[in-house]
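So you can see what is in the structure, the chains are spelled out below.
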Amino acid sequence: CETCSKKEAKYRCPRCMKYSCSLLCVKKHKLALSCNGVRDKTAFISVNEFTDLNLLSDYRFLEDVGRTADAAARHCIVHSPATKRLLYCLRNKARGCNIELKTLPVGFTKRRENSTTFNSMENKFYWHLKLVFPHCHAEYTLKGVPDDKTLADILKPYIDPVESDPVVCQRLKVYTASPQSDVRILMKIENRSRNSVRYNELDASRSLLDNLKGKVIIEYPTLFVVLKTLKNNMVVLGQDGSEPAENSDSESSSLSSVEEGEIRDSS
């Protein structure tokens, strides 16, 4: 048993392949490794280890994906005129603010999660926003964030040593213990190849709307909060010495044509 190292193992976790001797050790290993015990159907398997069972598993996985996509395409909400009008309004208002907002078909997780709205009376977006803190492996979802709120104010409840919630402060202590000048806010640039992922650095002193202008957003913004003093693999466009700064117009038009084609295909 890889948990207690005392008894002979009887079980093997389908997820992480750890051996356990009892239900108690199974529960302990799941808690210690944050393991859900469910086999990863998309885990990498080398060609030398690939068997007929793996082939059958992949085939069934693709069948499940096909059924899910077909069910989503047939859902009544997809063809609802009210839904189409709402999405058209959101995209149109975002375009007026120089933001290229892209929406996904029903069935996608981000489409289901998104709670972004536009208040016509206030002429203001209330964004669904996700904050990711990579150094602490923490994520937080915010709803109804007004577009005129600065990024610094948005982050205060999380990384400010005085105003942050005590529980959140404890979890993000590596951020709260660092000077505010070390904090960088990044947003992933969409429509790039997987081996060329780049990020835009945002200005914490400016509003959310100002930071999103000229950017491409798929459903809602996801902001990555990192520290300059700690190593991370996020490359900021224009600061790696190998590429020029982002050309928002050309990127937006490229993404628009690609995504519209994908949405037509899925419909």
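- As recorded in an unreviewed UniProt entry, the protein chain goes by the name Box C/D snoRNA protein 1, listed as coming from Machaerirhynchus nigripectus.
- UniProt annotates the protein chain under Function (unreviewed entry) with the comment "Required for box C/D snoRNAs accumulation involved in snoRNA processing, snoRNA transport to the nucleolus and ribosome biogenesis."
- Quoted verbatim from the Sequence similarities (unreviewed entry) field of UniProt, the annotation for the protein chain is "Belongs to the BCD1 family."

1. Re the nonpolar core
Thought 1: Counting residues in each nonpolar core, the largest one holds 35 residues, and the members touching the most others are Leu131, Phe133, Tyr158 and Leu172.
Thought 2: Residue assignment for this core shows that the elements contributing at least two residues are helix H3 (81-96), strand S5 (124-133), strand S6 (138-146), helix H5 (151-159), strand S7 (183-188), helix H8 (208-212) and strand S10 (222-227).
Thought 3: The contacts of Leu172, once residues within four sequence positions are left out, are Phe133, Cys136, Ala138, Tyr140 and Tyr158.

2. Details of the pattern of salt bridges
Thought 1: Taken as a whole and assessed by the stated rule, the structure comprises 10 salt bridges.
Thought 2: Note that Glu2 is salt-bridged to Lys18, the shortest N-O span being 3.7 Å. One end of the pair, Glu2, is in the segment before strand S1 (11-12); the other, Lys18, is in the loop between S1 and strand S2 (19-20), with 16 residues separating them in the sequence.
Thought 3: Relative accessible area serves as the criterion here: at 32%, Lys18 is assigned to the partly exposed category.
Thought 4: Arg184 is the partner of Glu201 in a salt bridge, and the nearest nitrogen-oxygen pair spans 3.3 Å. Placement of the pair is Glu201 in strand S8 (residues 199-202) and Arg184 in strand S7, with a sequence separation of 17 residues.
Thought 5: Sharing partners across several salt bridges, the network here consists of Lys41, Asp64 and Arg67.

What counts, and where the lines are drawn
Residues numbered from 1 in each chain as written. Predicted model: local features only at pLDDT ≥ 70, side-chain atom pairs only at ≥ 80, totals over all residues. Heavy atoms only, no water. UniProt positions renumbered as here; feature names shortened; annotations may be inferred. Core = buried A, V, L, I, M, F, W, Y, C linked by side-chain atoms within 4.5 Å. Buried < 20%, exposed > 50% of the residue type's maximum accessible area, 1.4 Å probe, protein only. Helix = DSSP H or I, 4+ residues; strand = E, 2+ residues; numbered from the N terminus. Contact = heavy atoms within 4.5 Å. Salt bridge = Lys/Arg side-chain N within 4 Å of Asp/Glu carboxyl O.

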